[in-house]
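A structural walkthrough
The chain contents come next:
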Amino acid sequence: MKVGLFIPCYIDQFFPHVGMATVEVLERYGATVDYPTGQTCCGQPMANTGCTEDARPVAKLFLDVFESYEYVVAPSGSCVAMVRHHFHDLLPDDPRVDKVGSRTFELCEFLTDVLEIDSIEGEFPHRVGLHNACHGLRELRLGKPSEQMATPFNKVEKLLAGLEGIELVQLERTDECCGFGGTFAVAEEAVSCRMGLDRLADHKSAGAEVIASADMSCLMHLGGLARRKKLPLKLMHVAEILAQSTKTQPTPTP
Amino acid sequence: MSHATAAAEFIADAERTKWHDETIFFVRKKRDLAAASVPEWELLRETASQIKRHTLSRLDEYLEQFEANAIRHGIKVHWARNGKEHNEIVLGLLKERDVNLLVKSKSMLTEECGLNPFLEAAGIEVVDTDLGERIVQMRHEHPSHIVLPAIHIKKQEVGQLFHDQLGTEAGASDPDYLTEAARNHLRDKLISAGAGLTGVNFGIAETGGIVVCTNEGNADLGTALPPLHIASMGLEKLIPRLDHLGVFLRLLARSATGQPITAYSSHFHTPREGQEMHIVLVDNGRSGMMGQSEFNRALNCIRCGACLNTCPVYRRSGGHSYHATVAGPIGSVINPARDPEKFESLPFACSLCGSCTEVCPVKIPLHHQLLAMRHELGKRHLLPMAKTVPMKVAGAVLRRPWLYRTMGKLGRVSLRWLPRFLIYNPLNVWGRQRDLPEAPKESFRQAYKKRAPQARSDQEKSN
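As the structure is a computational prediction, the values presented were derived from the model and not from experiment. (Residues numbered from 1 in each chain as written. Chains lettered and ligands numbered in written order. Predicted model: local features only at pLDDT ≥ 70, side-chain atom pairs only at ≥ 80, totals over all residues.)

1. Quick look at the overall build of chain B
- Counting secondary structure elements, chain B contains 22 helices and ten strands.
- Taken along the three principal axes of its C-alpha coordinates, chain B extends 90 × 55 × 45 Å.
- In chain B, which comprises 463 residues, the proportion classed as buried is 48%.
- Taking the intrachain contacts of chain B between residues at least 6 apart in sequence as the baseline, contacts between residues at least 24 apart amount to 73%. (Helix = DSSP H or I, 4+ residues; strand = E, 2+ residues; numbered from the N terminus. Buried ≥ 20, exposed ≤ 12 C-beta atoms within 10 Å, placed from the backbone. Contact = placed C-beta atoms within 7 Å.)

Structure representation (structure tokens):
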């Protein structure tokens, strides 16, 4: 199975190890990974700021790069939600939007839904707090959000819970936003940071050693706050945990 | 003042922010429990949404039906194009009957129209009889929440306010004691008022009657005593049939406060003997919103406040930071829909987490509307340069892979080599409270290029 790997711009630049971990996990489960080098970004920063005209060519570039792939996989729920649910706002007449959108998957849902993997082999003997990133949860339905009255499920949690020795800690607020929100992090700096600090406090009081998420952007924000406060918390993308699950020491995100 | 600036001022008081957030999140948790007690909750939401959308699609017919049936039952119906007309109609009714004291139950519409200051300027005393609204009125403030108007005020502050204005004991903060004092104070006003004004939660086209939901019974008392009842009603409050009411009553209080139903759901279908009853139907921008296909679903709103309670931004910035009658996610849609220039910062007071959309009992896709509103502001050239210029640059870079690679490398090298004080300069808003990620030597694409041939051959071998 050939997978076009989409590595969001900020992961490409700042968190290459998360991209490498994604490759490792995909290949371990039999996917042939191809990374088309013409890719840049999904266009979300511009689109979410209301700058439609600046976002459109970036979305178009994404389609040009990825239209020929059977599957597109990215280690980011937010960027996948952009492609799947919001490209049609930018390119309403482009027939490739539906085609590419329906073939683009977030890493965890690709593992559980397409590769039909029930559990990942490996161990991760640590206390982990799962940060349910909003777009993965509420736009892609990687799990049941706390607001919805339906049967609970959570694809990210399911993959992590299968690891030996892992202890998923119980948070007071299971899916409150961390406050990253793209340009919101800067435009509403005070609220954004306060939201993030509150999330960190919740994980800390739940006894988490590691905060895990399927979205690196949330972790970039939370990690930035944690480092400034010198909090002894490690922040890891789920792909890193899955890739490293045979090792015993978690390597923190730099 | 932009929302961000007002929010930063609110957050500067860390203790108060924590208290505000936790108090309101507690209401959200009560909502979750109440919703979970109804097995068909999601079906109810869908049904309510469809009833509202249907009603709005034929609003003209239903309004005429409502008016005809109300008139048939002896109710007088007035039409107001805007807040000014509404206020003048109300003043006219009061003046004709020499009313100099008006008691009001909760009505966000009269807040929207600025009725209180208008009537006060004309020499009429107006007393809000909802406890929370009375508290904010005594403080010369506006409600900070559509359901819990005084949620931003601590009980100790209410104690001080009542001590100053109602003569309660100094330092008293017992809610029962303070409520009793308010009750006695309000009872005097209720007995001597010449007219009672209520809001409207639901107008029923089929019957021409209205339903008012309160927890304090103040709408009942305020209309049972005076000889004149005025009901102010937004055009969008209509539902077609009495049968539909149950759907909304089951959703409203559960979504708002986690109660199964409001303590009082009072039906007014005809004037009491010896009383006059008037309904003022107010447009004030609503029909304009109906024409905006992207945003007209916001007219589904039944003003339960669930989106405010769940909003992580609202809880940490307070209702007054929105500088609008209706705060929170729904306010950030309807205010800029009416006046985009004045409220341009509100659609950005949102991290797009989507929690509001999930709790909304009438399924308004709030966070998608907020996003659509940002695009609308962009289209109308109402975005500030602080947003458009960086995005123009980002767009120009990201549409050109070679430029993106070059700029990426340049950025990483600068971050690696520049001294900390240069990186964390006053213009670096990200860096005020947060560290930037450490810039790696290689981007992913560089690392992947190096690794790729080896890995590819490994994989070929294993296949």
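2. Digging into the overall build of chain A
- Secondary structure summary: chain A contains 13 helices and eight strands in total.
- Against the compact-globule benchmark of 18 Å for 254 residues, chain A has a radius of gyration of 17 Å, which places it among compact chains.
- Counting only C-alpha atoms and orienting by the principal axes, one finds that chain A spans roughly 50 × 45 × 40 Å.
- Put simply, chain A has 254 residues, and 60% of those count as buried.
- Taking all contacts inside chain A whose residues are at least 6 apart in sequence as the whole, residues at least 24 apart take part in 75%. (Rg over C-alpha atoms; globule rule 2.2 N^0.38 Å.)

3. Some details on the sheet that holds strand β6 (residues 209-214) of chain B
Residues and elements named next belong to chain B.
- Taken in spatial order, the four strands make up an open sheet running β8-β5-β6-β9, and their pairing is mixed. On the outer flanks of this sheet lie β8 (238-239) and β9 (264-268), each paired with one strand and no other.
- When strand β5 (residues 202-204) meets β6, the two strands line up antiparallel, connected through three bridges. Paired with Phe202 across the bridge in β6 is Val211. (Pairing = 2+ DSSP bridges.)

4. Remarks on the domain arrangement of chain B
- Per the domain assignment, the segments making up chain B are domain 1 (1-37 + 306-383), domain 2 (57-149 + 186-284) and domain 3 (386-462).
- Placing a centre on the C-alpha atoms of domain 1 of chain B and another on those of domain 3 of chain B gives a separation of 32 Å. (Domains from an automatic or database assignment.)

5. As for helix α12 (residues 216-228) of chain A
All names here are of chain A.
- Here α12 is 13 residues long and its end C-alpha atoms lie 18 Å apart, about the 18 Å a rise of 1.5 Å per residue gives.
- Taken across its 13 residues, α12 has eleven buried, putting it largely inside the fold.
- Buried within α12 are the following residues: Met216, Ser217, Cys218, Leu219, Met220, His221, Leu222, Gly223, Gly224, Leu225 and Ala226.
- At the C-terminal side of α12, Lys230 shows a positive phi close to 55 degrees. (Expected span 1.5 Å × (residues − 1).)

6. Details of the environment of Arg434 of chain B
- Residue position: Arg434 of chain B is located in the loop between α21 (420-423) and α22 (444-462).
- On the neighbour-count criterion, Arg434 of chain B (25 C-beta atoms within 10 Å) is buried.
- Sequence-distant contacts of Arg434 of chain B, defined by excluding residues within four places in its chain, comprise Cys193, His221, Gly224, Leu225 and Arg228 of chain A.

7. Examining helix α7 (residues 107-114) of chain A
All names here are of chain A.
- Among the residues of α7, those classed as buried are Leu107, Cys108, Glu109, Phe110 and Leu111.
- Turning to α7, the residues buried within the fold contact α2 (16-28), β3 (71-74), β4 (104-106), α9 (155-161) and α13 (238-244).
- One or two positions beyond α7, positive phi appears at Glu116, with a value near 50 degrees.

8. A word on the UniProt feature "domain: Cysteine-rich" (unreviewed entry) in chain A
Residues and elements named next belong to chain A.
- Taking the numbering used here, the UniProt-annotated feature "domain: Cysteine-rich" (unreviewed entry) corresponds to residues 3-83 and 128-222.
- What you have in residues 3-83 is 57% helix and 12% strand, and the ends, taken at the C-alpha atoms, are 16 Å apart.
- Taken end to end, residues 128-222 is 43% helix and 11% strand, and its first and last C-alpha atoms sit 15 Å apart. (UniProt positions renumbered as here; feature names shortened; annotations may be inferred.)

9. Examining the packing of helix α4 (residues 52-66) of chain A against helix α19 (residues 385-398) of chain B
- Contact geometry of α4 of chain A with α19 of chain B gives a least axis separation of 9 Å together with a crossing angle of 15 degrees. Between α4 of chain A and α19 of chain B, the angle falls in the class roughly parallel. Considering only the axes of α4 of chain A and α19 of chain B, their crossing is left-handed. Facing α4 of chain A, whose interface residues are Asp54, Ala55, Pro57 and Val58 of chain A, α19 of chain B presents Met391, Lys392, Ala394, Gly395 and Leu398 of chain B.
- Each residue belonging to the contact of α4 of chain A with α19 of chain B can be placed in one class, and the counts come to six nonpolar, one polar and two charged. (Axes fitted to C-alpha atoms, helices over the stretch in contact; angles between N-to-C directions. Parallel < 35°, antiparallel > 145°, perpendicular 65-115°, else oblique. Left-handed = near helix turned anticlockwise from the far one by under 90°. Nonpolar A, V, L, I, M, F, W, Y, C, P; charged D, E, K, R; others polar.)

10. Describing the interface of chain B and chain A
- Each partner contributes residues to the interface: chain B has 62 residues there, and chain A has 62 residues.
- Residue contributions to the side of chain B that touches chain A peak at seven residues, all from α19 of chain B.

11. Quick word on the domain arrangement of chain A
All names here are of chain A.
- We note that the domain assignment places domain 1 (2-114) and domain 2 (127-244) within chain A.
- Of the residues lining the interface, 27 residues belong to domain 1; the matching set on domain 2 comes to 23 residues.
- Ranked by the residues each element gives to the side of domain 1 that touches domain 2, the list is headed by α2, at six residues.
- Within the side of domain 1 that touches domain 2, the residues separate by chemical class into 14 nonpolar, ten polar and three charged.

12. Some remarks on unusual backbone geometry
- Positive phi is not limited to glycine here, since Arg141 of chain A has a value of about 55 degrees.
- Within the secondary structure, Arg141 of chain A sits in the loop between α8 (134-139) and α9.

13. A look at the confidence of the model for chain B
- In this model, chain B carries a mean pLDDT of 95, and residues with pLDDT of at least 70 account for 97%.
- Quick note on the complex model: pTM equals 0.95, ipTM equals 0.95. (pLDDT = per-residue confidence, 0-100.)

14. Comments concerning the sheet that holds strand β10 (residues 276-282) of chain B
Residue and element names in this part refer to chain B.
- Spatially, β1-β10-β7-β4-β2-β3 is the arrangement adopted by the six strands of the open sheet, whose pairing is parallel. Looking along the sheet, the strands with just one partner apiece sit at the ends: β1 (76-80) and β3 (125-128). Taking each pair of neighbouring strands and ignoring which way they run, the sheet shows an average axis angle of 20 degrees.
- Relative to β10, strand β7 (residues 228-234) runs parallel, the two sharing seven bridges. From the neighbouring strand, Met233 faces β10, where its bridge partner is Leu281.

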